[in-house]
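# Understanding the architecture of this molecule
Take a look at the letters that make up each chain.
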Amino acid sequence: MTAVASLPPRGHRLLAWIWLAIVLAIAAHQAWLWTRPAGVLDSDVLAMLPRDERRPAVAAATRALADAGERRVVVLIGAPDFARARLAGDTFAEALGDGIALRWRVGDREQGAWLDFYAPWRGVMLTGADRRALETRPTADLAQEALRALHQPVGLPRIGSWAEDPLNLRGRWLAERAGLSRVRVQEGHLTVTDGATTYAVLMLESTASAFAVSTQRALAARLETAGDRARQVVPEARVLMGGVPLFAASAAAQAEREIHTIGVGSLIGIVLLTWCAFRSLRPRVLVTLSMVVGLAAAVSVTHAVFGGLHLITLVFGATLLGVAENYGSNYFCARMGLPREARWDMLRRQWPIVSLAMLTTVIAYALIGVAPFPGLRQIALFSSAGLLAAFVTVMLWFPWLDGDSSPPTRFGLWLGGLRARWPDAVALRRWMPVLAILMGVVLAVGGHRLTRNDDLRQLQSAPPALLDQQREVSRLLGLPGIARFVLVEGPDEETLLQREEAVVSALAGEGIDTQAVSQWLPSLRTQQTQGRLIARRLGEVNEALARLLDETLPAPVLAAEPLLPARWLAAPVSEPLRHQWLGRGADGVWRSAVLLRDGDATRDTARIRTAAGALAGAVWVDKVGEISTLLGRYAGLVGAMVVAGHLLVWLALLPRFGRGAWRALLPTSLATAATLAIFGLAGVPVTLFHLLPLLILLGLGVDYGIFLLEQPGRGEIQPFLSVSLAALSTLLAFGLLALSGTPALRAFGLTLLIGVTLAWWLTPCFLPSRDASGAPPAARTLPSSSRETP
C-alpha cells in the first residue's frame, strides 16, 4: 500500500519534461531578448497611461504632439553679458560632439531665407491692429502717419523701401511674428534675455528614441560633460536644461536603482529566510530556481504580448519574488520531517490546497488589468504569468529534484511554534466585546477621515531640481504646454485654417495667448480679404501721398498666387510649428492643434472649454483632467470590485469549508478595512493605486486562511511555518516597494505592507481550537525520527 502511494502520479514525469522544454525555450528567448541591439526596456510614461478609445482623434493628436518633442532637449546657458554667454554656449556645443542634431547659430543666409519666404505674399499679410486701422481710419490719417515714418524713421524695422510699403505693413507683421518667440538672433547666435542675464540657446535633437534606456544614459552623460566644460570656461555660467529625454533618463535611472534595491534586496532576504527555515542548500537552490523561472517566464510572455517591457513593470515585477517564493516554501514546509519516499503522498495532499491558493492569487493579480491602463494590464499579465510559472516549476520539478528531508531548524520550530502561543477565538472570547468596540471605533474614525485624491499630477516622480529647470526653461522661452490644447477639425485644409483662426480670436478675447499654424499661414479667405483691403486702402494712401509729395508711388504688390499649406510646410520657416499641423486622418478629417502659452496648467479650464466649445470644429483637450477623472471613476469601480471579490471568494470557499468558510475570509476583510482606516487616520489620500492592491491582498490573505484551515490544530507547525514564510517573503518584497520613488508603486507597496501584516496576524485568531492534547507542538507535528538542526 505504501509503495503504491509513493509512486508519482501518472504522466507526471512526462509533464516535467515538457515543462523543461518550455523553460529552455524561455531561456533562449531571454538570451536573444537581452543581447539584441534594440532596447528591451521602455520608460515612456504615456505608454503606461490609458488611451482615449472613445475619441481616437484626441489620442492620436496627443501622441503626435508628444512624439514631436520626445527627442528634443533645450539648453540655456546664462551669463551676465552676451560675450560670456556666447563663449559658454560655443564651449558646450564643441564638448557635445557629433551624433546629435544641434542648432545654436543662425547664419545671415538662413535669416534672409526666412524673410524672403514671405516676400511674395507681403500684399496679403496683416496684423490684427493694422487690419482694424485699414478698415476704420481715414485715408488722410494713414497718409500723415506714412509721412511721419518717412521724415522720422524711428520705430519698427522696415523691410524694403518706404515707397514700396509706406505704412510698413510688412515690417509690423514680421515684427509681430518675431514677438511670438522670445528667442532672438544676436551676432549669429540664438539668445534670450531675462533682466540682466543673457542666455545662449542651444536646441538638440537625438536621432534615437528618448525612451530607449541606452540612448538616455549616453545623452545624459554627454550633456553633463558638456555642462561641466561650459562652467569651467565661464565659472559664473548658469546651465539650464529641459526636455522629455531628460525626464526619461531620470525615470530610467530611478527605475534601475529600485530594481537593484527591491529585486536584489528581496532576493537576498528571501534566500536568507529560506536558509534560516531549512538550513539546507537544496531548498534554497530550488526555491531560487522557481523564482528565476517565474521572472523569466513573466518577461517573455509580457514581451510577446505587448511587444516590449516597461521599466515600471519590471520594478513592480521585482516584488513577484516575494509571492512566487510561497509555493516553494510551502512545499518544503509540508515536506519537513517526512522521508523522501513520502513526497508523492504529500504532493497529492497539497495539490488541491496549493492549486486553490494559486488560483485565488492569480485571479487577484489579473483583476488589476480590468482598469484601462496599458501599464496596469502589463503588470497584471507579468505577475499572473510569473506566479503560474513558479507554481508549475514547484509542482512538476521539486519532487524529482528533492533529496532527503532536512530536519527542522530552531528558527523553523520557533516560527512554526508561534501558532501554539497565538490567541485564537476561544482565548479571545472574553475580550471580544472590548476588541470589537475598539476595532469599530478605529474603522469608523479612520473611514470618516479617509479622503480621495485622483489628480494625475500627484503621481509625478521627477526630481524637484529637474522640474524646476524645466519650468524655468519654459518661462524664459515662453514654451506652450501640450497637456492642454484645442484640437481643431475641418473637412479640408481651408476650413481647418478658418476654424483655427476663429479659435485663436476667441481665446485672445479671453486674454489667452496661443501658438497656432494660422498665425503664420492665414486661410485662403483671410488672404483674399486682406489682399483686397490692402490693395484698396494702400492705393488710396498712395494717391494721397502722391498729391502731398508731388510724385508717383508704385502700385501695391499683389500676390500672384495664395500661400497654401503644402508650400508652407515644405519651407524651413514652418519647422517650429510643423508638429501642430496634424494633417489628414484616416477618417478623411483634417486636424491641427492650438497650444496655450504661459502656464496653461493654471488656466481656468472651464472658461477655455466654454470659449472653444462654442466654435465649430473645436475640441478642448485637457489630458491631465481627463486622466484624473478616469482615475477617480476607476477608483470607484475597483472599490466595488473589492467588495464583490470578497463575496465571490466566500462563495468559492463554501464547497470546501462549509460554514467555516468565514474563518478564512474574515481576517482579510478586517485587514482590508483596517488598512483604509489607517490611511484615513494618517491623513494619506487614497488613490486608485491604493485600492488596486486590495485585490492582491484578498488573494494573499485568503491563501493564509486556506492553508491554516486545512490543518487548524494549534500544535501543527508546518502550516503556520509555511504561512509565516509566505507573509515574511511578501513583506520583504512589498515592504521595499513602499520605499519606491514612484508614487504609484509606493502606494502599492505601502498598502500591501500594512494589509499583509494585518492579515497574517489576524488569521490565526479566527481558527477553531482543536487541540485536546497537552503534548508539546513538535511532538505532535513531526515524525519521531526528525531531529532539530541548530
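Because the structure is predicted, anything quoted here is derived from the model rather than measured.

## So, the layout of surface pockets
- In this model, the second largest pocket occupies a volume close to 890 Å³.
- Counting only elements with at least two residues in the lining of the second largest pocket, the list comes to α6 (128-136), α8 (169-179), α19 (493-509) and α20 (524-549).
- Of the residues that constitute the lining of the second largest pocket, the class distribution is ten nonpolar, eleven polar and ten charged.

## Describing the side chain of Asp-454
- Looking at the secondary structure, you find Asp-454 in the loop between α17 (432-449) and α18 (464-477).
- If near-sequence neighbours (up to four positions away) are discounted, Asp-454 is found in contact with Ser-628, Leu-631, Gly-632 and Ala-635.

## Describing the nonpolar core
- Grouped together as the largest cluster of nonpolar side chains are 99 residues, with contacts concentrated most on Leu-653, Leu-688, Phe-689, Leu-692 and Tyr-704.
- Of all the elements, helix α25 (residues 688-710) adds the most residues to this core, at 16 residues.
- Ignoring sequence-local partners within four residues, the contact set of Tyr-704 consists of Val-723, Ala-726, Ala-727, Thr-730, Val-756, Ala-759, Trp-760 and Thr-763.
- In this structure, Trp-121, Val-504, Leu-507 and Trp-590 belong to the second largest nonpolar core, which totals 33 residues.

## Concerning the packing of α25 against helix α26 (residues 717-737)
- Two numbers describe how α25 lies on α26: the axes approach to 9 Å, and their chain directions differ by 165°. The angle between the axes of α25 and α26 places the two elements in the roughly antiparallel class. Between α25 and α26 lies a crossing of right-handed hand. Between α25, through Leu-700, Tyr-704, Phe-707 and Leu-708, and α26, the contact on the second element is made entirely by Pro-719, Phe-720, Val-723, Ala-726, Ala-727 and Thr-730.
- Split into classes, the residues belonging to the contact of α25 with α26 amount to nine nonpolar, one polar and no charged.

## Overview of the confidence of the model for the protein chain
- A residue-level look at the protein chain finds 88% of positions with pLDDT of 70 or above and a mean pLDDT of 83.
- The model gives residues 1-5 a pLDDT under 50, and that stretch makes three contacts with residues more than four places away or in other chains.
- Under a pLDDT of 50 for its full length, residues 771-790 has, in the predicted model, 39 contacts with residues more than four places off or in other chains.

## Regarding the packing of helix α24 (residues 661-682) against helix α27 (residues 743-762)
- As a packed pair, α24 and α27 sit with axes 8 Å apart at the nearest point and diverge in direction by 140°. Classified by the angle their axes make, α24 and α27 are oblique. When the axes of α24 and α27 are compared, the crossing they make is right-handed. Contacts between α24 and α27 involve Pro-667, Thr-668, Leu-670, Ala-671, Ala-674, Thr-675, Ile-678 and Phe-679 from the first element and Leu-750, Thr-751, Ile-754, Gly-755, Leu-758, Ala-759 and Leu-762 from the second.
- Taken together, the residues of the contact of α24 with α27 sort by class into eleven nonpolar, four polar and no charged.

## Notes on the pairing of strand β13 (residues 618-622)
- Within β13, four of the five residues are buried, which leaves the element mostly enclosed by the surrounding structure.
- Note: strand β9 (residues 484-490) against β13, five bridges, orientation antiparallel. The residue bridging Leu-487 from the neighbouring strand is Val-619, located in β13.

## Examining the environment of Val-192
- Locating Val-192 in the fold gives a position in strand β5 (residues 189-194).
- Residues Val-192 and Phe-82 lie 110 residues apart in sequence; the distance between their C-alpha atoms is 9.8 Å.
- In contact with Val-192, not counting residues within four places along its chain, are Leu-76, Arg-182, Thr-197, Thr-198, Tyr-199, Val-201, Leu-476 and Leu-477.

## With respect to empty space enclosed by the protein
- Enumeration over the complete set of coordinates arrives at four cavities of 30 Å³ or more.
- Size it by volume and the largest cavity reaches roughly 120 Å³.
- Elements supplying a minimum of two residues to the lining of the largest cavity: α8 and α20.
- Approximately 100 Å³ is the volume attributed to the second largest cavity.

## A few points about helix α14 (residues 343-367)
- Its 25 residues place the ends of α14 34 Å apart at the C-alpha level, agreeing with the 36 Å of an ideal helix rising 1.5 Å per residue.
- Approximately 40° is the largest bend angle found in α14, and it occurs at Gln-350, with the proline Pro-352 only one to four residues beyond.

## A short note on the pattern of salt bridges
- All chains considered together, the criterion is met by 23 salt bridges.
- Glu-575 serves as the salt-bridge partner of Arg-72, at 3.5 Å between the closest nitrogen and oxygen. Linking Arg-72 in strand β2 (residues 72-79) with Glu-575 in the loop between α21 (565-570) and β11 (581-584), this pair joins segments that are 503 residues apart in sequence.
- Residue Arg-591 is joined to Glu-489 by a salt bridge in which the shortest nitrogen-to-oxygen separation is 2.8 Å. Of the two residues, Arg-591 is situated in strand β12 (residues 590-596) and Glu-489 in strand β9; the sequence distance between them amounts to 102 residues.
- Judged by relative accessible area, which is 10%, Arg-591 ranks as buried.
- What emerges from the salt-bridge pattern is a single network uniting Asp-130, Arg-137, Glu-145 and Arg-172.

## A few points about a nonpolar patch on the surface
- Residues Leu-647, Leu-648, Trp-650, Leu-651, Trp-662 and Leu-666 make up a contiguous nonpolar surface patch of about 550 Å² in total accessible area.
- Contributions of two or more residues to the nonpolar patch are made by α23 (623-657) and α24.
- Residue contributions to the nonpolar patch peak at four residues, all from α23.
- If you trace the backbone, Leu-651 turns up in helix α23.

## Observations concerning the environment of Ala-571
- By the secondary structure assignment, Ala-571 is in the loop between α21 and β11.
- Measuring from C-alpha to C-alpha, the distance between Ala-571 and Trp-114 comes to 8.9 Å, with 457 residues separating the pair along the chain.

What counts, and at which threshold
Residues numbered from 1 in each chain as written. Predicted model: local features only at pLDDT ≥ 70, side-chain atom pairs only at ≥ 80, totals over all residues. Heavy atoms only, no water. 1 Å grid on protein atoms, 1.4 Å probe; cavity = no way out; pocket = protein on both sides within 12 Å on 5 of 7 lines; lining within 4 Å. Points joined across faces, edges and corners; volume = space filled by probe spheres on them. Helix = DSSP H or I, 4+ residues; strand = E, 2+ residues; numbered from the N terminus. Nonpolar A, V, L, I, M, F, W, Y, C, P; charged D, E, K, R; others polar. Contact = heavy atoms within 4.5 Å. Core = buried A, V, L, I, M, F, W, Y, C linked by side-chain atoms within 4.5 Å. Buried < 20%, exposed > 50% of the residue type's maximum accessible area, 1.4 Å probe, protein only. Axes fitted to C-alpha atoms, helices over the stretch in contact; angles between N-to-C directions. Parallel < 35°, antiparallel > 145°, perpendicular 65-115°, else oblique. Left-handed = near helix turned anticlockwise from the far one by under 90°. pLDDT = per-residue confidence, 0-100. Pairing = 2+ DSSP bridges. Expected span 1.5 Å × (residues − 1). Bend = angle between axes of the 7 residues up to and from the residue. Salt bridge = Lys/Arg side-chain N within 4 Å of Asp/Glu carboxyl O. Patch = residues over 30% accessible without salt bridge, like charges linked within 9 Å, V, L, I, M, F, W, Y side chains within 5 Å. Areas by Shrake-Rupley, 256 points an atom, 1.4 Å probe, with all protein chains shown as cover.

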